[in-house]
Amino acid sequence: QQQVKQSPQSLIVQKGGISIINCAYENTAFDYFPWYQQFPGKGPALLIAIRPDVSEKKEGRFTISFNKSAKQFSLHIMDSQPGDSATYFCAASRPNAGNMLTFGGGTRLMVKP
Amino acid sequence: DTEVTQTPKHLVMGMTNKKSLKCEQHMGHRAMYWYKQKAKKPPELMFVYSYEKLSINESVPSRFSPECPNSSLLNLHLHALQPEDSALYLCASSQAFTGGRNEQFFGPGTRLTVL
């Protein structure tokens, strides 16, 4: 019940296209869903996060869509750029487990020029 | 300032060495974390400190010894490591460990190689 499943494992998108990464979870107690972006040799950087009382959150070219009934959430990167090429991790945490994050397996995104 | 700093950036050590990793944050955060990350895998939680007290130890071998000297500093002391301990070690911090805002901010990591 602690798992967060992320797909796809890898993704290739043309410059200007839309990148979509999906995550699914089992534990309905999760109440916070962040996305992290990680470049090779660097630490993960918090990109955007959502709570289950909101169905969508947008920050610049990055949008999280959240479907509570389906227990799924996704990251959309609009107008994808080569500089977006990185590994993306979704995560989830629940209120009575402090800030312990359960991570998805990661998606390696490559944006081709 | 949402910066978490870590030193050193790279560390190579033998199996009989003793070394330490250092993490620092000046955001006033009261929770600090150590993670281990292997290639192409997500970070794995090792330890959590809340208000300078160890709150979580995810069954980490005793060759890893954390220390939180004050609210801004977190150390990870290493002794008698194995080659399989080679990984990227990440420090993170958040405003608190329970309730409220949950954002965790990660440092750049220390790339550890055990020979």
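Residues numbered from 1 in each chain as written. Chains lettered and ligands numbered in written order. Predicted model: local features only at pLDDT ≥ 70, side-chain atom pairs only at ≥ 80, totals over all residues. Heavy atoms only, no water.

Draft legend 1. Quick peek at the overall build of chain B. On a plain count of helices and strands, chain B comes out with zero helices and 11 strands. Element order for chain B, N to C, with α for helix and β for strand: β-β-β-β-β-β-β-β-β-β-β. For chain B, the C-alpha radius of gyration of 13 Å lies close to 13 Å, the compact-globule estimate for 115 residues. If one aligns the C-alpha atoms of chain B with their principal axes, the spans along those axes are about 40 × 25 × 25 Å. Here chain B holds 115 residues, and the buried ones make up 50% of them. Once local pairs closer than 6 in sequence are excluded, the contacts in chain B between residues at least 24 apart make up 55%. Summing over all exposed atoms, chain B offers an accessible surface of approximately 5,600 Å²; the carbon and sulfur share of this is 50%. Between the averaged position of the 13 positive side-chain charges in chain B and that of its 10 negative side-chain charges there is a distance of 6 Å. (Helix = DSSP H or I, 4+ residues; strand = E, 2+ residues; numbered from the N terminus. Rg over C-alpha atoms; globule rule 2.2 N^0.38 Å. Buried < 20%, exposed > 50% of the residue type's maximum accessible area, 1.4 Å probe, protein only. Contact = heavy atoms within 4.5 Å. Areas by Shrake-Rupley, 256 points an atom, 1.4 Å probe, with all protein chains shown as cover. Lys, Arg positive; Asp, Glu negative; His and termini not counted. Charge placed at Lys NZ, Arg CZ, Asp CG, Glu CD.)

Draft legend 2. Expanded view of the interface of chain A and chain B. In this assembly, 21 residues from chain A lie in contact with 26 residues from chain B. For the chain A and chain B pair, buried surface summed over both sides reaches about 1,700 Å², with 57% attributable to carbon and sulfur atoms. The interface formed by chain A and chain B holds three residue pairs in polar contact (both at pLDDT 80 or more) in total. In terms of residue class, the side of chain A that touches chain B is made up of nine nonpolar, eight polar and four charged. (Buried area = accessible area lost by both parts, 1.4 Å probe. Polar contact = N/O pair within 3.5 Å; in protein donor to acceptor, adjacent residues only side chain to side chain. Nonpolar A, V, L, I, M, F, W, Y, C, P; charged D, E, K, R; others polar.)

Draft legend 3. Highlighting the sheet that holds strand 8 (residues 73-79) of chain B. All names here are of chain B. Taken in spatial order, the four strands line up as 1-3-8-7 in an open sheet, and their pairing is antiparallel. The sheet is open, and its two edges are formed by strand 1 (4-7) and strand 7 (64-70), each paired on a single side. Each strand of the sheet is rotated relative to its neighbour by a mean of 20°, with strand direction disregarded. One ladder, built from four bridges, connects strand 1 with strand 3 (residues 18-25); its direction is antiparallel. Along strand 3, the bridge assignment pairs Thr-7 with Lys-22. (Pairing = 2+ DSSP bridges. Axes fitted to C-alpha atoms, helices over the stretch in contact; angles between N-to-C directions.)

Draft legend 4. Local environment of the pattern of salt bridges. Tallied over the full model, the rule gives five salt bridges over all chains. Here Lys-57 of chain A ties to Glu-59 of chain A by a salt bridge, and the two come within 3.7 Å at their closest N and O atoms. Its relative accessible area of 32% is what places Lys-57 of chain A among the partly exposed residues. Asp-85 of chain B is the salt-bridge partner of Arg-63 of chain B, the closest N and O atoms lying 2.7 Å from each other. Here Arg-63 of chain B is found in the loop between strand 6 (53-57) and strand 7, whereas its partner Asp-85 of chain B is found in the loop between strand 8 and strand 9 (87-94), with 22 residues between them in sequence. Residues joined in a network through salt bridges with shared partners are Lys-36, Arg-63 and Asp-85 of chain B. (Salt bridge = Lys/Arg side-chain N within 4 Å of Asp/Glu carboxyl O.)

Draft legend 5. Summary view of the environment of Asp-84 of chain A. All names here are of chain A. By the secondary structure assignment, Asp-84 is in the loop between strand 8 (72-77) and strand 9 (86-92). Sequence-wise, Asp-84 and Asp-31 are 53 residues apart; in three dimensions their C-alpha atoms are separated by 27 Å. Here Asp-84 is in contact with Gln-37, Arg-61, Phe-62, Ile-77, Asp-79, Leu-109 and Val-111, once residues within four sequence places are set aside.

Draft legend 6. Examining the nonpolar core more closely. Val-4, Phe-33, Trp-35, Phe-73, Leu-75 and Tyr-88 of chain A are the most contacted members of the largest nonpolar core, which totals 24 residues. Those elements giving two or more residues to this core turn out to be strand 2 (10-14), strand 3 (19-25), strand 4 (33-38), strand 5 (45-50), strand 7 (62-67), strand 8, strand 9 and strand 11 (107-112) of chain A. The leading source of residues in this core is strand 9 of chain A, at four residues. Ignoring anything within four residues of it in the chain, the contact list for Phe-73 of chain A reads Val-4, Ile-21, Asn-22, Cys-23, Tyr-25, Phe-33, Trp-35, Ser-65, Phe-66, Cys-90 and Ala-91 of chain A. Of all hydrophobic cores here, the second largest spans 23 residues; its members include Phe-47, Phe-64, Leu-76 and Leu-81 of chain B. (Core = buried A, V, L, I, M, F, W, Y, C linked by side-chain atoms within 4.5 Å.)

Draft legend 7. Layout of the pairing of strand 11 of chain A. Residues and elements named next belong to chain A. By the alternation rule, side chains of strand 11 split into Thr-107, Leu-109 and Val-111, which are all buried, and Arg-108, Met-110 and Lys-112, of which none is buried. Where strand 2 lies against strand 11, five bridges are found, and the strand directions are parallel. By the bridge assignment, Ser-10 is partnered in strand 11 with Arg-108. Note: strand 9 against strand 11, three bridges, orientation antiparallel. Of the residues in strand 11, the one forming a bridge with Thr-87 is Arg-108.

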